[in-house]
Amino acid sequence: MTRSTPMTTDEMWRAVAAERASLVELLETFSEADWNHGSLCEGWRVRDVIAHIVLSARPSLGWILVNVIRARGSLDRAIRDTAIRLADRTTTSQLLAALRDSIGVRSTPIGTNAADRLMDLLVHGQDIAVPLGITREMPIDAARAALERVWTTDTFRSREKFAGYHLVATDAGWDTGAGLAVEGPVASLLLLLTGRRAGQERLTGEGAERLITDGKAR
């Protein structure tokens, strides 16, 4: 049964730690070929995604400013470039050790919070698992907290992209918007709002087909 109250900040941080720990367990089973396999993030290998997760666990304002300047003012380019540089110069075992060391860390880049770290881990976990044919379940309460954060902060321009749709998480007691219904598991909606195609086959309702036709389900 899904809880009726939002997760507390402490609960979110515990969920972050649980996601990092379970990701370590998964990665321990990977071959070197798996680490170098492409992810759902365009142009990123699995090891690049892990490097990004490691870097985001211990951010500093100075590090952010230096790398944004290096990326000619683009935060997205800075995130991409720094992750790839770290992945290229770091061995697989070192990346795994760094992720393991970050399990209990509770810090966030400026302007973000625990819900952002939770969202990042849940979505990137799928970015890693899906291309390798691995089923990685999202805890419903954690996914709901991440989905609410994505929608309310509009980081991915969700309210603009999905205007005219009524989004319903059938397993989480969450809904938003008005218009054509798009229903499905909270995990699928989280992937939808963060620009992933994975999970859209689990979406139903009169709006689901329209989203795919319009190219918004990506």
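Residue positions are given per chain, counted from 1 along the sequence in the order it is written. Local features in this predicted model are restricted to residues whose pLDDT is 70 or higher, and side-chain atom pairs enter the listing and the counts only when it is 80 or higher, whereas totals over whole chains, interfaces and linings include all residues. By convention in this description, side-chain values take in all heavy atoms of the structure and omit both hydrogens and water.

- As named in an unreviewed UniProt entry, the chain is Maleylpyruvate isomerase family mycothiol-dependent enzyme, taken from Nocardia amamiensis.

**What about the pairing of strand S1 (residues 165-169)?**
Strand residues, when the strand is regular, have side chains that alternate between the two faces of the sheet.
Phase 1 of the analysis: Exposure categories follow from relative accessible area, calculated using a 1.4 Å probe and restricted to protein chains: below 20% of the type maximum is buried, above 50% is exposed, and the middle band is partly exposed. Each helix is a run of H or I in the DSSP string that is no shorter than four residues. Each strand is a run of E no shorter than two, and both are numbered from the N terminus. In terms of burial, S1 is largely enclosed, as four of its five residues are buried.
Phase 2 of the analysis: Alignment of S1 against strand S3 (residues 180-184), held across five bridges, turns out to be parallel. Across the sheet, the residue bridging to Ala 169 is Gly 184, located in S3.
Phase 3 of the analysis: Each pair of strands is called paired provided DSSP finds at least two bridges between the two strands. The sheet contact formed by S1 and strand S2 (residues 174-176) spans three bridges and is antiparallel. From the neighbouring strand, Ala 169 faces S2, where its bridge partner is Trp 174.
Phase 4 of the analysis: The turn linking S1 back onto S2 is made up of four residues, and Gly 173 within it adopts a positive phi angle of 60 degrees.

**A word on the layout of surface pockets**
Phase 1 of the analysis: Considered as a void within the structure, the second largest pocket measures approximately 330 Å³ in volume.
Phase 2 of the analysis: Surrounding the second largest pocket, 18 residues form its lining, Gln 126, Arg 136, Glu 137, Ala 187 and Arg 202 being those nearest its centre.
Phase 3 of the analysis: Counting residues per element, the lining of the second largest pocket draws most heavily on helix H10 (residues 186-193), which supplies four residues.
Phase 4 of the analysis: Residue composition of the lining of the second largest pocket, grouped by class: nine nonpolar, four polar and five charged. In this analysis the probe radius is 1.4 Å and the grid spacing 1 Å, with only protein atoms considered; a cavity is a set of points the probe fits into but cannot get out of, a pocket is an open set with protein on both sides within 12 Å along at least five of seven lines, and lining residues have an atom within 4 Å of a point. Grid points are joined across faces, edges and corners, and a volume is the space filled by probe spheres set on the points. Only Asp, Glu, Lys and Arg are considered charged in this grouping, and only Ala, Val, Leu, Ile, Met, Phe, Trp, Tyr, Cys and Pro are considered nonpolar; every other residue, Gly among them, is considered polar.

**Notes on H10**
Phase 1 of the analysis: Counting buried positions along H10 yields eight of eight residues, so the element is predominantly enclosed.
Phase 2 of the analysis: Three or more residues of H10 are buried, namely Val 186, Ala 187, Ser 188, Leu 189, Leu 190, Leu 191, Leu 192 and Leu 193.
Phase 3 of the analysis: Count one or two residues on from H10 and you reach Gly 195, which has phi positive near 85 degrees.

**Some details on the sheet that holds S2**
Phase 1 of the analysis: Read across the sheet, three strands follow the order S2-S1-S3 without closing on themselves; strand pairing throughout is mixed. Each having just a single partner strand, S2 and S3 make up the two edges of the open sheet. With strand direction ignored, the average angle separating the axes of adjacent strands in the sheet is 15 degrees. Between N-to-C directions, angles cover 0 to 180 degrees, with each direction set by a line fitted to C-alpha atoms, over the stretch in contact for helices.

**Overview of the nonpolar core**
Phase 1 of the analysis: We define a nonpolar core as any set of buried Ala, Val, Leu, Ile, Met, Phe, Trp, Tyr and Cys residues linked to one another through side-chain atoms lying within 4.5 Å. Judged by nonpolar contacts, the single largest core of 61 residues is most densely connected at Leu 27, Ile 50 and Leu 190.
Phase 2 of the analysis: Here, two residues are considered to be in contact whenever any of their heavy atoms come within 4.5 Å of each other. Sequence-distant contacts of Leu 27, that is, excluding residues within four places in its chain, are made with Trp 35, Val 46, Ile 50, Leu 96 and Leu 99.

**Describing the environment of Asp 141**
Phase 1 of the analysis: Summarising the element assignment, Asp 141 is placed in helix H8 (residues 140-153).
Phase 2 of the analysis: By relative accessible area, which is 26% here, Asp 141 ends up partly exposed.
Phase 3 of the analysis: Here the alpha-carbon distance between Asp 141 and Val 186, two residues 45 residues apart in the chain, equals 9.0 Å.

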